[in-house]
Amino acid sequence: MKPANRIMKRVLRDGTAAIAAMIIAGASLGYAQENVSVRATLLTGGVPVDDPGAAVWSSAPPATFPMSPQVHWQNRIQEVTVKDVIVRALHDGTQVAVLVEYTDPTQDPDDAAALEFMVGDKKAHFAHGQPMLQVEGGPVNIWFWKNKTGKALDMSAKGFGTLKPQEHQDVTAKGVYSNGTWKVVFARKLLTGHADEDVQITAGQFMSISFAVWDGRKDAVGELVEKGSQKAVSSWWYFRADAPPDYSGYMYAAIAAVLGLGFQFVLIRKLKKGQ
Amino acid sequence: MGALGKPIILMVAMYAFLKFVLPNIPGSAPLPSSLIFLYLLLTAGGIFMFETVSGESKDAFWNPIQRFLTGENIGGLQALRYGVFILFPLLVGWQTYGSTAVSDLPPTESRTIHPAPPGEYTGLSNPVPKTPDNIMQGKGFYAAYCSPCHGGNFDGKGPAARGFIPAPANFADPTTIAMLQESYLFWRIKKGGVGLPIEGAPWKSAMPRWEVELPDEWIWKIILGEYDGAHQSPRTWE
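Residues numbered from 1 in each chain as written. Chains lettered and ligands numbered in written order. Predicted model: local features only at pLDDT ≥ 70, side-chain atom pairs only at ≥ 80, totals over all residues. Heavy atoms only, no water.

Chemist: In this structure, what is going on with the overall build of chain B? I would like to understand it.
Modeler: Scanning chain B from N- to C-terminus turns up seven helices and zero strands. Taken over the C-alpha trace, chain B has a radius of gyration of 30 Å; the compact-globule value for 238 residues is 18 Å, which it surpasses by more than 25%. Once the C-alpha set of chain B is aligned to its principal axes, its extents read approximately 90 × 40 × 30 Å. Split into buried and exposed, the 238 residues of chain B put 39% on the buried side. Contacts in chain B between residues at least 24 apart in sequence constitute 60% of all its contacts with a sequence separation of at least 6. A total of about 13,300 Å² of accessible surface is found on chain B, and carbon and sulfur atoms cover 64% of it. Across chain B, the 17 positively charged side chains and the 19 negatively charged ones have centroids separated by 5 Å. (Helix = DSSP H or I, 4+ residues; strand = E, 2+ residues; numbered from the N terminus. Rg over C-alpha atoms; globule rule 2.2 N^0.38 Å. Buried < 20%, exposed > 50% of the residue type's maximum accessible area, 1.4 Å probe, protein only. Contact = heavy atoms within 4.5 Å. Areas by Shrake-Rupley, 256 points an atom, 1.4 Å probe, with all protein chains shown as cover. Lys, Arg positive; Asp, Glu negative; His and termini not counted. Charge placed at Lys NZ, Arg CZ, Asp CG, Glu CD.)

The structure is reproduced here in structure tokens:
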């Protein structure tokens, strides 16, 4: 029996190695998607809604998104200061906080940043929910922060020229400038009572998010270079608040493995008896 | 194990052919794993039918399998037998886990890159004559309005392109304007990203709706300039 035991051990060891390899491959696949989506990591205890420098932000995976000048609608510009935004997010089941970080050589009163979300089930064009000609799209919810006001505006739009602040202001924002970098944290409750104008964030579900940044610098004659529709924008990306851990998959796998084992046992018994 | 050896060799050879040989045949592409699985299933079905067609061949096929499973007189293969018994339940468990686990990947987007244009934009011919003057004017308009995204070299790599997904079309690529008619370009330029039908979702195209800013004649000239600059010709009905 000795050799059989040794062989069993080998099989077990190789099997374990193969499974470990599959798990590692699966984990790296999960990591690779982070640059198409923002993952709000689940925390216990409060989220740092007004602290862009809080240590806990390091527990949220950063995702980098490229920016372009807004060209879809006039007035457009062809060059913008901010080329990328780095985004992190945290939530605790009640509140969500999104940290937007970008390089800007100067701190100006008119520096501003915004997040945009689709509202409801209807899709919306990323340019302020600009109406689609052949299909009816939905509205967008915009969370806007400006350095000089130091606070957030919770807004709605359905196409250029329709942007307006909402009656219910549910969003807070705080920006901190240091060493040529803006860190702006936006925060809100995951759910508000106004599903027709606010994005409702359900843990575990992918939703659409996009970004906008205005560098508030002025040109030689004192005019703002980036303002209104003249801004840096991103396309739609994904946002998802992590769902609480769910271990039921392991349970189902264990049940299936036991059933597989039972099937083998019965099959071999039948075969042995049949002979 | 003779009767079992051939089917195993055949299955392995089939897999190797589908996985490694077929994709390298010119004009072919790597097969999706679901298709490989289907082909292997058909191969296995064929082998099974062939082997069980007569009583003798059936016994010759089944007996080694039975002997292997019951472990009678299989000598050195005993270890392999235990290995199969351990791996089979693990594999079943793994498959179950994979099919019940919540995916970490965002929803897949099946965007139709060139959706059908509305009826009024099919088969229009360019009313602007293809003269050197008109081409030159078209290239001027292109430089002013289109090149920031589509690039001065008509390659989709303009300075404003980097943040946009899908990337602005590369006109030098033979799978873009070279396979489209001029009337199709006229529609896309006039209506832009917001003119896309439902198949064009998720509507991330930043293409402006140029009909609000440019007269039709300019758009037709831009089309002339675009084909000339990208060294392509429009698709025509022969």
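Chemist: Please clarify how the nonpolar core should be interpreted in this entry.
Modeler: Note that soluble globular proteins tend to have their nonpolar side chains buried in a common cluster. Ranked by internal contacts, the top residues of the largest apolar core, which has 37 residues, are V85(A), Y102(A), F186(A), F211(A) and F239(A). With residues up to four places along the chain from it excluded, the contact list for F239(A) reads V38(A), A40(A), A89(A), V96(A), V98(A), I201(A), Q205(A), F206(A), M207(A) and I209(A). Grouped together as the second largest cluster of nonpolar side chains are 25 residues, Y142(B), W210(B), I222(B) and Y227(B) included. (Core = buried A, V, L, I, M, F, W, Y, C linked by side-chain atoms within 4.5 Å.)

Chemist: Sorry, what's going on with the interface of chain B and chain A here?
Modeler: Taken together, the contacts link 58 residues of chain B with 57 residues of chain A. Roughly 5,100 Å² of surface becomes buried between chain B and chain A when both sides are summed, with 69% attributable to carbon and sulfur atoms. Looking at the side of chain B facing chain A, the largest losses of area belong to R162(B), V194(B) and W203(B), adding up to 15% of the total buried there. Linking chain B with chain A are two salt bridges, by the criterion used here. Between R162(B) and D84(A) there is a salt bridge, with the nearest N and O atoms lying 3.5 Å from each other. At the junction of chain B with chain A, the criterion picks out twelve residue pairs in polar contact (both at pLDDT 80 or more). For the side of chain B that touches chain A, the secondary-structure elements that each account for two or more residues are α3 (55-70), α4 (78-100), α5 (132-150) and α6 (182-191) of chain B. If one sorts the elements of the side of chain B that touches chain A by residue count, α4(B) sits on top with 17 residues. Taken together, the residues that form the side of chain B that touches chain A break down as 38 nonpolar, eleven polar and nine charged. (Buried area = accessible area lost by both parts, 1.4 Å probe. Salt bridge = Lys/Arg side-chain N within 4 Å of Asp/Glu carboxyl O. Polar contact = N/O pair within 3.5 Å; in protein donor to acceptor, adjacent residues only side chain to side chain. Nonpolar A, V, L, I, M, F, W, Y, C, P; charged D, E, K, R; others polar.)

Chemist: I'm lost on a nonpolar patch on the surface in this one. Help?
Modeler: Side chains of F263(A), L267(A), L80(B), V84(B) and F88(B) sit close together on the surface and give an oily, nonpolar patch of about 430 Å² of accessible area. The element that contributes the greatest number of residues to the nonpolar patch is α4(B), accounting for three residues. With a relative accessible area of 33%, F88(B) lands in the partly exposed category. (Patch = residues over 30% accessible without salt bridge, like charges linked within 9 Å, V, L, I, M, F, W, Y side chains within 5 Å.)

Chemist: Please explain the side chain of H125(A) as it appears in this structure.
Modeler: Tracing the backbone through its elements, the reader meets H125(A) in the loop between β6 (112-118) and β7 (140-146). Given a relative accessible area of 1%, H125(A) falls into the buried group. Within the local environment of H125(A), its side chain forms a polar contact with the backbone nitrogen of A127(A), the two atoms lying 3.0 Å apart. Among residues more than four places away in sequence, those in contact with H125(A) are H72(A), Q130(A), M132(A), V140(A), W236(A), G193(B), V194(B), W203(B) and S205(B).

Chemist: Sorry if this is basic, but what is going on with the environment of K231(A) here?
Modeler: Residues and elements named next belong to chain A. Position of K231 among the secondary structure elements: in the loop between β12 (206-214) and β13 (232-233). Counting along the chain gives 154 residues from K231 to I77, while the straight-line C-alpha distance between them is 7.4 Å. Once you skip the residues sitting within four places of it in the chain, K231 turns out to touch S68, P69, Q70, I77, V80, H128, A212, V213, W214 and E226.

Chemist: Is there a simple way to explain the domain arrangement of chain B in this structure?
Modeler: When the parts come together, some accessible area is lost, and that loss is often what is quoted as the size of the interface. Here chain B is described as being made up of domain 1 (2-100) and domain 2 (119-229). The distance between the C-alpha centroids of domain 1 of chain B and domain 2 of chain B comes to 53 Å. (Domains from an automatic or database assignment.)

Chemist: When you look at the packing of α6(B) against helix α7 (residues 216-229) of chain B in this model, what are you seeing that I'm missing?
Modeler: To describe two helices that pack against each other, one gives the angle between their axes and the distance between the axes. Residues and elements named next belong to chain B. At a minimum axis separation of 10 Å, α6 and α7 run at an interaxial angle of 120°. In terms of orientation, α6 lies oblique with respect to α7. By crossing handedness, the relation of α6 to α7 is classed as right-handed. Across the interface between the two elements, E182, S183, L185, F186, I189 and K190 of α6 pack against D216, I219, W220, I222, I223, L224, E226 and Y227 of α7. (Axes fitted to C-alpha atoms, helices over the stretch in contact; angles between N-to-C directions. Parallel < 35°, antiparallel > 145°, perpendicular 65-115°, else oblique. Left-handed = near helix turned anticlockwise from the far one by under 90°.)

Chemist: I keep staring at the packing of helix α2 (residues 248-274) of chain A against α3(B) and nothing clicks. Help me out?
Modeler: Taken N-terminus to C-terminus, the directions of α2(A) and α3(B) make an angle of 115°; their axes are 9 Å apart at the nearest point. Seen from above, α2(A) lies across α3(B) with left-handed handedness. Residue-level inspection shows L267(A), I268(A), L271(A) and K272(A) of α2(A) in contact with α3(B), the latter providing Q66(B), L69(B) and T70(B). Among the residues making up the contact of α2(A) with α3(B), the classes are represented as four nonpolar, two polar and one charged.

Chemist: Mind showing me how you'd approach the packing of aromatic side chains here?
Modeler: Think of a pair of aromatic rings as described by two things: how far the centres are apart, and how the planes are tilted against each other in angle. In total, this model carries 24 aromatic pairs over all chains according to the counting rule given. With 5.9 Å between their ring centres and 80° between their planes, F206(A) and Y238(A) make a pair best called edge-to-face. Of this pair, F206(A) sits in strand β12 while Y238(A) is found in strand β14 (residues 237-241), placing the two residues 32 residues apart along the sequence. By relative accessible area, F206(A) is classed as partly exposed at 22%. Taking the relative accessible area as the measure of exposure, Y238(A) reaches 12% and is therefore buried. Their ring planes at 50° and their centres at 6.1 Å tell us that Y121(B) and F186(B) sit as a pair that is tilted. Of this pair, Y121(B) sits in the loop between α4 and α5 while F186(B) sits in helix α6, and the two are 65 residues apart along the sequence. No difference in accessibility class separates Y121(B) from F186(B), as the two residues are buried. (Phe/Tyr/Trp six-rings, centres within 6.5 Å; stacked < 30°, edge-to-face > 60°.)

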